[in-house]
Amino acid sequence: MNAPHTDLRVVKTQRAIANALIGLLDEKPFEKIQVQEIIEKALINRTTFYRYYSGKSDLAGKLIKQVKADYQALLKKRFESDNLVRFMQTVGNRLLENRRLVLALWKINTPRHHLYADMHAMLKQAFTAHARKVKSADKDRDYQAAVFATIALESHRYAFERGEVLKIPQVFDEWAEMVEILKAVQAG
């Protein structure tokens, strides 16, 4: 969101604007938020807001673009890592640093802005690429990729909403226990 040598006042102003949007998303849907509300909550004037953003959609788009770029970089590192648990813990910790922003942006689901769906698609793609490397490439992994992406993102959402850190080994144990419970129902 910020250039490396951006003026500290610019950084603070953009952070105030982002925090205003986050706060408003806690109160109401994105579609009902007005630029004037963002301006008032950020304690800035209209000229200042429009110096950085053409509107609320531009603001949301820039925030989403940064989160997606960071997430994509993390996913790329996964395939350079040989330790899945360590990688997933790193991703969880990194997302937790920005949990309020991520949770707020996940609430936006418009034709133009849909971070949750984008992250889901990125996870599916990463899983599929990884599966091709470790298993035979002749099987369609779309179902597994979709389920993995859903469970991974919902695990993060669950923890973020509670302000908790996901403990990845424990998460894997929970996933395995869910399968055991389902198998027990099937057997009984």
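Details of the structure are given in the entry above.
On a predicted model such as this, the values are computed, not experimentally measured, just so you know. (Residues numbered from 1 in each chain as written. Predicted model: local features only at pLDDT ≥ 70, side-chain atom pairs only at ≥ 80, totals over all residues. Heavy atoms only, no water.)

Enquirer: Explanation requested: the side chain of T128 in the structure shown.
Expert: Inspection of the secondary structure puts T128 in helix α7 (residues 115-134). Residues within four places of T128 in sequence aside, it is in contact with R141 and A145. (Helix = DSSP H or I, 4+ residues; strand = E, 2+ residues; numbered from the N terminus. Contact = heavy atoms within 4.5 Å.)

Enquirer: Honestly, empty space enclosed by the protein in this entry has me stumped. Any pointers?
Expert: Sizing a probe to match a water molecule and rolling it over the atoms shows the empty space that remains. Throughout the structure, instances matching the rule amount to 2 cavities of 30 Å³ or more. Approximately 70 Å³ is the volume found for the largest cavity. Around the largest cavity, the lining residues are Y71, L75, F87, M88, V91, L123, F148, A152 and H156. Put simply, the parts of the chain that give the lining of the largest cavity at least two residues each are α4 (56-78), α5 (84-97) and α8 (142-162). When the residues that make up the lining of the largest cavity are grouped by side-chain class, the tally is 8 nonpolar, 1 polar and no charged. One number sums up the size of the second largest cavity: a volume of about 40 Å³. Forming the boundary of the second largest cavity are M88, A152, S155, H156, L166, I168, V171 and W175. Looking at the lining of the second largest cavity, the elements that each hand over two or more residues are α8 and α9 (168-187). (1 Å grid on protein atoms, 1.4 Å probe; cavity = no way out; pocket = protein on both sides within 12 Å on 5 of 7 lines; lining within 4 Å. Points joined across faces, edges and corners; volume = space filled by probe spheres on them. Nonpolar A, V, L, I, M, F, W, Y, C, P; charged D, E, K, R; others polar.)

Enquirer: I tried to follow a negative patch on the surface on my own but got confused; where do I start?
Expert: Among the surface-exposed residues, D173, E174, E177 and E180 lie close enough to one another that they form a single negatively charged patch. On the secondary structure map, D173 appears in helix α9. A relative accessible area of 54% means that D173 is categorised as exposed. (Patch = residues over 30% accessible without salt bridge, like charges linked within 9 Å, V, L, I, M, F, W, Y side chains within 5 Å. Areas by Shrake-Rupley, 256 points an atom, 1.4 Å probe, with all protein chains shown as cover. Salt bridge = Lys/Arg side-chain N within 4 Å of Asp/Glu carboxyl O. Lys, Arg positive; Asp, Glu negative; His and termini not counted. Charge placed at Lys NZ, Arg CZ, Asp CG, Glu CD. Buried < 20%, exposed > 50% of the residue type's maximum accessible area, 1.4 Å probe, protein only.)

Enquirer: Would you take a moment to explain the pattern of salt bridges for this structure?
Expert: Two side chains that carry opposite charge are able to pair once their charged atoms sit near each other. Counted under the stated rule, the structure contains 9 salt bridges. For D58, the salt bridge goes to K62, with nearest N and O atoms at 3.4 Å. Pair noted here: D58 and K62 are both in helix α4, with a separation of 4 residues, about one helical turn. Residue classification places D58 among the buried residues on the basis of a relative accessible area of 18%. The class for K62 is partly exposed, based on a relative accessible area of 37%. Ionic pairing is found between E154 and R157, a salt bridge with its closest N-O pair at 3.2 Å.

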